Amino acid sequence: MCTLARRASLLMLGDSCLARLRTSRLAACPSLVGSVTSAAAPLLFHLLLSPPRSAHINMASGDDDDPIIEEIDVYLAKSLADKLYLLQYPVRPATMTYDDVSHLAAKIKPKQQRVELEMAINTMSPNYCRSKGEQIALNVDGTTYDETNTYSAKMMDKQTFSSIQATTNTSRYAAAVFRKGELHVTPLTGILQMRPSFSYLDKADSKTREREAANEGGDSSQDEAEEEAKAITVRFARPESEQARQRRIQSYEFLQKKQAEEPWVHLHYHGVKDSRSEHERQYLFCQSVDASENSELVKTPKEYLAMLMPPLEEEKVVKPVGPSNVLSMAQLRTLPLGDQVKTLMKNVKVMPFANLMGLLASGTDSTAALRCIQQVALLVQGNWVVKSDVLYPKNTCSPHSGVPAEVLCRGRDFVMWRFTLERSVMRKEITAIIKLPPEDVKEFLEHVAAPRVNRGWEFLLPTDVDFIKKHPDIAHRQHMLWLGIQSKLEKVFNFSKEDFLPKNSPQPDPVHVTGEQRLKTAHERAQANQASLQKDLDGKRTGSRVHIKQEPVSDREDEPMDTSSPSSSSIPNGSVNGYPSATSPTFDHTNGNGGSPSTSALELQDFVLKTFRKHFVVTLNEFKRLFNLHLASMPVGRNVFHSISDHMLQDAILHSHCKQIMVPFPAQSSAAPDEQKVFGLWETGEEFDKHRRLLYDLFTKNYKVRRNIVQARLNQEFGDVCKADVDRLLNECCSSHAGMWYLKGTIQS
């Protein structure tokens, strides 16, 4: 019996749905037997085959009630045999075709069987979001019009479909048309699945990076761009071995390069109802009905039976069009379980066991998978990391530096061992110990870690605590393996495990001691050791150096600064704990202290003016440091400053033509209170004062600014300002870091 859909259309035939065979006069190739699928809707028929009339086959008596009712002649059309492709649209239902959609462009790479189609989008549809379309076009093309723009209409008015191969072997598939009792089949060259391409998103990302790079480049002056001279290591490439050449040819980068070398062939698209399409469809019919021209379908009885029942042979797996180490999931599952696990781990490098089971075929025994994975991987933080000798087999070398595989394995094992101790490692520490080229060290880290700001390289995956709890025996066995690896690494690299253990010992909280407490303690100590102190004072008065110790930050703003020595045996400037002794030349026996208030004020004001004319912008913390250095540099016995508080220092600064700049530090800033008090020189009598005031005003709105913002504001206020003036302003008042400018002393470490 024969059920047949009488309709001329593009058909795909396979051999997976054969229901039964019946004898007839028809001679045909068994590979064409099976299901027939139309591009518009699925059609199913059972094609009846038989040997030629000359063959005599005895029919069983049971077949008399199932007679043959129709015979169909099959012809093999060859006109389009090497040009016919079947395009599938898996993301679109069969009832929604693209026949009525305007096709803007089409191109193909014949060797790679890659096809791209550009189709128009109906921007007038009520389902089209115009604002989103305009936003996408703006992100992709920017605001300027260019011939290379993806969307010339300033909105996303088209989409691109890109193909992937649905199968690598099309020898069993053909397209067929049925007309006037004849079936004409044409072998397919390729079966391609067309899916939407999102390459425009890559273009939008590249535009964004270009704009950011332009902004960064425009913010830095020539002075910023200058870098310290660095020594360059010159390397000479060694002759490439045949083994290295084979690896390079099979690499993914080489494949991508070869694919990019094949040029696109631009095509003209013709619609379904176009006259050219109608003309081309005629080539789907066999041009000659002579049997001699269709010898492929005429077989002797022996050949026909051999085709019906071919000898048992192992089916040869067709290698994919790609690198030799790349397999599809369907091809991967034809391998033994051990090879599947090894291939997956070699490509993924690190993964949890649950993910591995998800990639294997359903029903795979987890115990067997665990046995296999322990042969090719090691447990790191509950996740499996491929062994080094799997990635770097014996008698191979590094593709970057030519280092032998044995040395690479030791270096990579050290990296993995470090990750068994902690979540993050520093690349410099790794390189200093294993002493391998930076390219190889970076490759080791990229396999299992990702770079993090201020944290070095962090392990890619979170610790799989569930696996460790579920399989404690495996975790213990892996721990013992790592102990053995550790002992070998310690001998090779000459280190100890304790060198890398995190130092978590708690630090004692700092004790804040007020000036009064320190003064009281010093007096008690001086009274107890008065004789020895006096003797030491007489011997060292003329040769002692001033040692200034920075006081902890006090909550009391008017608390005096301590300018005393930390040692009772070293008395600065003839004073004890900041107060002049009775033998000090500046001691005032009437008032109990040395030096006149007017002298102290004048000295302090003079120091403030000199400091700010040199530095222009100073934080309170930095000013106190400079002031202490000034005290230490004064001659012995000439100290006129006594009990100087922070409040007195700030008053002196504000009365010396300076003002405080209210810099808006971020909420998470780690700057101390004294570091957040910023003072700037306000008036010097020069014309340049107005430039500094404008700069201070900018820093009251943000604690960091870009150079182009400063220059734009100067040009707006004072006309064209030359580059030299901008450089002078920024160098006098600011410091640069990562393309941004900060007031001096405000860069966060």
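Computed from a predicted structure; not experimentally measured.

What counts, and at which threshold
Residues numbered from 1 in each chain as written. Predicted model: local features only at pLDDT ≥ 70, side-chain atom pairs only at ≥ 80, totals over all residues. Heavy atoms only, no water. Helix = DSSP H or I, 4+ residues; strand = E, 2+ residues; numbered from the N terminus. Buried < 20%, exposed > 50% of the residue type's maximum accessible area, 1.4 Å probe, protein only. Axes fitted to C-alpha atoms, helices over the stretch in contact; angles between N-to-C directions. Parallel < 35°, antiparallel > 145°, perpendicular 65-115°, else oblique. Left-handed = near helix turned anticlockwise from the far one by under 90°. Contact = heavy atoms within 4.5 Å. Nonpolar A, V, L, I, M, F, W, Y, C, P; charged D, E, K, R; others polar. Pairing = 2+ DSSP bridges. Core = buried A, V, L, I, M, F, W, Y, C linked by side-chain atoms within 4.5 Å.

Visitor: Mind showing me how you'd approach the overall build of the chain here?
Guide: A tally of regular secondary structure across the chain gives 25 helices and 25 strands. Taken over 749 residues, the chain has a buried fraction of 36%.

Visitor: Would you take a moment to explain the packing of helix H13 (residues 405-421) against helix H17 (residues 472-493) for this structure?
Guide: Helices that pack against each other are described as a pair by the angle of their axes relative to one another and the distance between those axes. For the pair H13 and H17, the least separation of the axes is 10 Å and the interaxial angle reads 125°. When the axis of H13 is compared with that of H17, the two are oblique. The chirality of how H13 crosses H17 is left-handed. Together, Arg-410, Gly-411, Asp-413, Phe-414, Met-416, Trp-417 and Thr-420 of H13 and Trp-482, Ile-485, Gln-486, Leu-489, Val-492 and Phe-493 of H17 make up the contact between the two elements. Taken together, the residues of the contact of H13 with H17 sort by class into eight nonpolar, three polar and two charged.

Visitor: Would you mind showing me how to read the sheet that holds strand S5 (residues 85-88) here?
Guide: Picture the strands of a sheet paired through backbone hydrogen bonds; they go either parallel or antiparallel. Taken together, six strands build an open sheet; the order of strands is S5-S11-S8-S7-S6-S12 and the sheet is mixed. In this open sheet, the two strands that pair with only one neighbour each are S5 and strand S12 (265-267). Strand-to-strand twist in this sheet, taken as the mean axis angle between neighbours without regard to direction, amounts to 25°. Sheet topology note: the strand S8 (residues 158-165)/strand S11 (residues 190-197) ladder contains six bridges and is antiparallel. Across the sheet, Thr-160 pairs through a bridge with Ser-197, a residue of S11.

Visitor: I keep staring at helix H23 (residues 689-699) and nothing clicks. Help me out?
Guide: One turn of an α-helix holds 3.6 residues; hence residues three or four places apart share an orientation. The buried fraction of H23 is high, at eight of eleven residues. By the burial criterion, the buried members of H23 are Asp-689, His-691, Arg-692, Leu-694, Leu-695, Tyr-696, Leu-698 and Phe-699.

Visitor: Looking at this model, I keep getting lost on the side chain of Thr-611. Mind explaining?
Guide: With respect to the helices, strands and loops of the structure, Thr-611 is situated in helix H20 (residues 597-615). Residue classification places Thr-611 among the buried positions, given a relative accessible area of 7%. Ignoring any residue separated from it by four or fewer positions in sequence, one finds Thr-611 in contact with Phe-616, Val-618, Phe-623 and Leu-626.

Visitor: How should the environment of Met-351 be read in this particular structure?
Guide: Looking at the element boundaries, Met-351 is found in strand S13 (residues 350-351). The spatial distance from the C-alpha of Met-351 to the C-alpha of Leu-460 is 9.2 Å, given a sequence separation of 109 residues. Every residue in contact with Met-351, bar those within four places of it in the chain, is listed here: Leu-344, Met-345, Leu-356, Leu-359, Asn-383, Trp-384 and Leu-461.

Visitor: What is the right way to read unusual backbone geometry from this model?
Guide: Both trends apply: most residues other than glycine have a negative phi, and most peptide bonds are in trans. The phi torsion at Gln-113 lies on the positive side, around 55°, for a residue other than glycine. Residue placement: Gln-113 occurs in the loop between strand S6 (103-109) and strand S7 (114-120). Judged by relative accessible area, which is 16%, Gln-113 ranks as buried. A positive phi angle, close to 70°, is found at Asn-395, a residue other than glycine. If you trace the backbone, Asn-395 turns up in the loop between helix H12 (388-391) and H13.

Visitor: Explain the nonpolar core here, please?
Guide: Of all hydrophobic cores here, the largest spans 53 residues; its most connected members are Met-345, Ile-373, Trp-384, Phe-414 and Phe-419. Per-element accounting of this core gives the leading share, eight residues, to H13. Judged by nonpolar contacts, the second largest core, of 44 residues, contains Ala-652, Val-678, Trp-741 and Tyr-742.

By themselves, these observations are geometric and do not establish any function.
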